Amino acid sequence: MTDPLAAEARRLRVEEQLSVQQIRARLGIGRDRAYALLRGVPPPEWTRRPRARDATRAEAERLRAAGRSVNEIAEQLGVAKSTAYQWVRHLPLNPDEATARQRRAHSKAMTDARWGAYREARDADQAAEHERAAGVVGGLDERDLLVLGAAIYWCEGAKSKPWRRAVTVQFVNSDPGLLALFLRFLEVCGIDPTVPTYRVSIHESADAEAAVRWWAERLRLPPDRFRRSVLKRHNPTTVRRNTGDDYHGCLVITVPRSRALYWRIEGMIAELFRIAEDARTRNDGP
């Protein structure tokens, strides 16, 4: 007897040309089950990686036709300069366009020189403001860390919704400073850094293993608490700025058995909201 679920999965693959992820979402099945049902059914042509590479090469040729240099094309598409050169070497820059680019570069250099003094003054003012602001902060006691940690969690952490009850504390961010602050909040709440699990979420074109090592060293986290990284598929039509050696993805901090801690955060946030609303009411007057 034919398995109805297998038949529907194959129909979605062949007739609607859906990916495994789309079929899983449509049928509500797991990854292993989906692959088992689709065994022997070739994937749609649009999901094949060579096509994505061809699209990137076509974009490189378009950028070259628009007058971009090999270095600019490589940087924008996130590929090696040698690869960009191989793709566009049959498309030399138009001489008129090259001259125009040299003129624009000269104009930019002159403008940068004129604005140099302004930028130096601006940077000095910024440094002075930073110093004054740091003096206002002073130290952080336990209460400060609790209130601050609850506030940043409510901005960046996973929250329960009326349609999806969830009471697991999970915090995601790419800023090492903010993550360090949240880890201090957990410590004040009595949670040692060896208790949470950690997971790196990063684009598949980056070095996930290097990112795990970087986060573990930067935040002094136990490497054995890191779980398998989540790789985000690269869209070649998207211009990404988060590339290069400074890109380490996002770190996901998950605290197991954290229902009571989540409720504690909810309580602190509710009280902060109440205090703010009471203050506004008093200031508005009768």
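Residues numbered from 1 in each chain as written. Predicted model: local features only at pLDDT ≥ 70, side-chain atom pairs only at ≥ 80, totals over all residues. Heavy atoms only, no water.

1. Describing the packing of aromatic side chains
Summed over all chains, the structure comprises 8 aromatic pairs. Consider the rings of Y198 and F226, whose centres lie 5.5 Å apart with planes at 35°: the pair is tilted. In this pair, Y198 is assigned in strand β2 (residues 197-203) and F226 in the loop between α10 (208-218) and β3 (230-232), connecting sequence segments 28 residues apart. F226 carries the same exposure label as Y198, and that label is buried. Through successive ring pairs, a cluster of aromatic residues spans Y153, W154, F171, F182, F185 and Y262. For the cation-ring pair, K159 lies above W154, with the distance from its terminal atom to the ring centre recorded as 5.8 Å. (Phe/Tyr/Trp six-rings, centres within 6.5 Å; stacked < 30°, edge-to-face > 60°. Helix = DSSP H or I, 4+ residues; strand = E, 2+ residues; numbered from the N terminus. Buried < 20%, exposed > 50% of the residue type's maximum accessible area, 1.4 Å probe, protein only. Lys NZ or Arg CZ within 6 Å of the ring centre and 35° of its normal.)

2. Remarks on the sheet that holds β2
Pairing in this open sheet of 4 strands is mixed, and the strands run β1-β4-β2-β3 from one edge to the other. Two strands bound the open sheet, and with one partner strand each, they are β1 (169-173) and β3. Neighbour-to-neighbour, the strand axes of this sheet turn through a mean angle of 20°, independent of strand direction. With 3 bridges joining them, β2 and β3 adopt parallel strand pairing. Within β3, the residue paired with S201 across the bridge is V230. (Pairing = 2+ DSSP bridges. Axes fitted to C-alpha atoms, helices over the stretch in contact; angles between N-to-C directions.)

3. A word on unusual backbone geometry
Its identity as a non-glycine residue notwithstanding, Q17 has a phi of 55°, on the positive side. You can see Q17 is positioned in the loop between α1 (4-14) and α2 (20-27). You will see that R257, though not glycine, has its phi angle at about 50°, which is positive. Along the chain, R257 turns up in the loop between β4 (250-255) and α11 (259-284). Accessibility expressed as a relative area gives 79% for R257, which makes it exposed.

4. Description of the side chain of R13
As for its position among the elements, R13 is in helix α1. Exposure remark for R13: the relative accessible area of 8% places this residue in the buried category. At 3.0 Å, the side chain of R13 and the backbone oxygen of L18 are in polar contact. In this view, R13 contacts L18, S19, V20, I23, L38, V41, P42, P43 and P44; residues no more than four positions away in its chain are not counted. (Polar contact = N/O pair within 3.5 Å; in protein donor to acceptor, adjacent residues only side chain to side chain. Contact = heavy atoms within 4.5 Å.)

5. Looking at the pattern of salt bridges
Summed over the entire model, instances satisfying the criterion amount to 13 salt bridges. Where E16 meets R26, a salt bridge forms, and the shortest distance between an N and an O atom there is 3.2 Å. On the criterion of sequence distance, the pair formed by E16 in the loop between α1 and α2 and R26 in helix α2 is long-range, its members being 10 residues apart. Looking at R26, the relative accessible area reads 48%, which means it is partly exposed. Among the salt bridges present, the one from R274 reaches E271, with a minimum N-O distance of 2.5 Å. Highlighted residues: R274 and E271, both in helix α11, separated by 3 residues, approximately one helical turn. (Salt bridge = Lys/Arg side-chain N within 4 Å of Asp/Glu carboxyl O.)

6. Some points on the pairing of β4
By the criterion of burial, β4 is predominantly enclosed, with 5 of the 6 residues buried. As paired strands, β1 and β4 are joined by 5 bridges and run antiparallel to one another. When the sheet's bridge partners are listed, V172 is paired in β4 with V252. Alignment of β2 against β4, held across 5 bridges, turns out to be antiparallel. Within β4, the residue paired with S201 across the bridge is C250.

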